[in-house]
Amino acid sequence: MLELSILFPSVLNGLTTGAVYALIALGLTLIYGVLHIINFAHGALLMIALYGVFFLNQKLGLDPYASLPVMIPAMFALGYALQRFVIGRASHGKDENILLVTLGLAIVLENLALYLWRSDTRTIDTAYTFSTVDILAP
Amino acid sequence: MISVPKIAAFAGALAVAAVLLLLLARTDLGRAIRAIAKERHGAKLVGIDVEHVFAMSFGIGLACLGAAACFLLPAYYVSPRWVTASS
C-alpha cells in the first residue's frame, strides 16, 4: 500500500539528495560546456574535496559548514592550477587528449588517496548529524 | 521527517546555483564563458583570453565540488573508493 507517511519523506529525501547531485553536475556541465570535454576526474576530485573537509574537521576542529569559505577557494585554486599547468599543458589543444588526461588524473588521485589515507570509510560526528525535523507530517 | 544536514544541503545547493547563475549572467567573466561555449574561435578573435577563461571555468566547476563536499560530509562518508562504491 502506498502510504502518505512513507511517500512524503521519500520525496523530500530524494529532492534534497538530488539537489546536491545537481550541484555536482553543475560543475561538470560548466566544464563540459566551455572546454567541450567530459571531466572524468570529477568524481575523484569530489573525493579529494570530501577528504579536505574531513581533515579540516579532524585537525582543526572546523565545522563542515564553517569550512565552506576555505574549501571553495581551495578547490577553485586547485582547478585553475590543474587546467593551466596539467590538463592544458598535457593536451596540446586536442580534445581527445584532454579526455585521456582527466581519466588518468582520476586514476592517479584515487590511488594516491588509497595509498595516503587507506581504504577505510570515514565520516565525521557533528551534533546535528542525526537530528531530524518534521515537515508537514501527516 | 527529514534530517537537518539534508535540508541544509538543499538550501546550500540552491544558493550556490543562484550565485553561479548571477555570475554567468552579470559579470564579464560570465559573458566570456558564454561566448567561448558558443563560439571558441570568435571569442579568441574579439580578444578574450581563452586559456584564462578555460582555467577559470575549470576552477568554478571544482569550486562547486568544494561546496558540495561541505554539504555532503555531515550526512555521508568518504573513502578513496567513494566514486565507485557509491555508484
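About the thresholds
- Residues numbered from 1 in each chain as written.
- Chains lettered and ligands numbered in written order.
- Predicted model: local features only at pLDDT ≥ 70, side-chain atom pairs only at ≥ 80, totals over all residues.
- Heavy atoms only, no water.
- Helix = DSSP H or I, 4+ residues; strand = E, 2+ residues; numbered from the N terminus.
- Rg over C-alpha atoms; globule rule 2.2 N^0.38 Å.
- Buried < 20%, exposed > 50% of the residue type's maximum accessible area, 1.4 Å probe, protein only.
- Contact = heavy atoms within 4.5 Å.
- Areas by Shrake-Rupley, 256 points an atom, 1.4 Å probe, with all protein chains shown as cover.
- Lys, Arg positive; Asp, Glu negative; His and termini not counted.
- Charge placed at Lys NZ, Arg CZ, Asp CG, Glu CD.
- Buried area = accessible area lost by both parts, 1.4 Å probe.
- Salt bridge = Lys/Arg side-chain N within 4 Å of Asp/Glu carboxyl O.
- Polar contact = N/O pair within 3.5 Å; in protein donor to acceptor, adjacent residues only side chain to side chain.
- Nonpolar A, V, L, I, M, F, W, Y, C, P; charged D, E, K, R; others polar.

Participant: Outline the overall build of chain B, supporting the account with residue identities and numerical values.
Facilitator: The helix and strand inventory of chain B stands at five helices and one strand. Ordering the α and β elements of chain B from the N terminus gives β-α-α-α-α-α. For 87 residues, the compact-globule estimate of 2.2 N^0.38 gives 12 Å, and chain B exceeds it by more than 25% at 17 Å. Counting only residues that meet the buried cut, chain B has 47% of its 87 residues in that class. For chain B, the proportion of contacts with a sequence separation of at least 24, taken over those separated by at least 6, is 42%. Within the structure as shown, chain B displays about 4,000 Å² of accessible surface, and the carbon and sulfur contribution to it stands at 68%. The positive charge centre, built from 8 side chains, and the negative charge centre, built from 4, are 13 Å apart in chain B.

Participant: Report on the overall build of chain A, specifying residues and quantitative values.
Facilitator: Check the secondary structure of chain A and you find four helices and one strand. Along chain A, helices and strands appear, N-terminal first, in the series α-α-α-α-β. Against the 2.2 N^0.38 benchmark of 14 Å for 138 residues, chain A shows a C-alpha radius of gyration of 19 Å, more extended than a compact globule. Taken over the C-alpha atoms alone, chain A extends approximately 60 × 35 × 30 Å along its principal axes. For chain A, the residues scored as buried account for 36% of the 138 residues in total. Of the contacts made within chain A by residues no fewer than 6 positions apart, 60% connect residues no fewer than 24 positions apart. Summed over its atoms, the accessible surface of chain A is roughly 7,800 Å², and 68% of this surface lies on carbon and sulfur atoms.

Participant: Any details on unusual backbone geometry? Residues and values, ideally.
Facilitator: Residue and element names in this part refer to chain A. Located in the positive-phi region is H36, a residue other than glycine, with phi close to 55°. On the secondary structure map, H36 appears in the loop between α1 (4-35) and α2 (42-60). Among the residues examined, H36 registers a relative accessible area of 39% and is labelled partly exposed. Unusually for a residue other than glycine, R118 sits at a positive phi of about 60°. Relative to the helices and strands, R118 is located in the loop between α4 (95-117) and β1 (132-133). Using a relative accessible area of 52% as the deciding quantity, one classes R118 as exposed.

Participant: Break down the interface of chain A and chain B for me, citing the residues and quoting the values.
Facilitator: Taken residue by residue, the interface counts 63 residues in chain A and 51 residues in chain B. Buried surface at the junction of chain A and chain B, both sides included, amounts to about 5,400 Å², of which 76% is carbon and sulfur. The interface formed by chain A and chain B contains zero salt bridges. Where chain A meets chain B, there are seven residue pairs in polar contact (both at pLDDT 80 or more). Those elements that provide at least two residues to the side of chain A that touches chain B are α1, α2, α3 (68-91), α4 and β1 of chain A. For the side of chain A that touches chain B, the element with the most residues is α1(A), which contributes 17 residues. Along the lines of polarity and charge, the residues of the side of chain A that touches chain B split into 38 nonpolar, 18 polar and seven charged.

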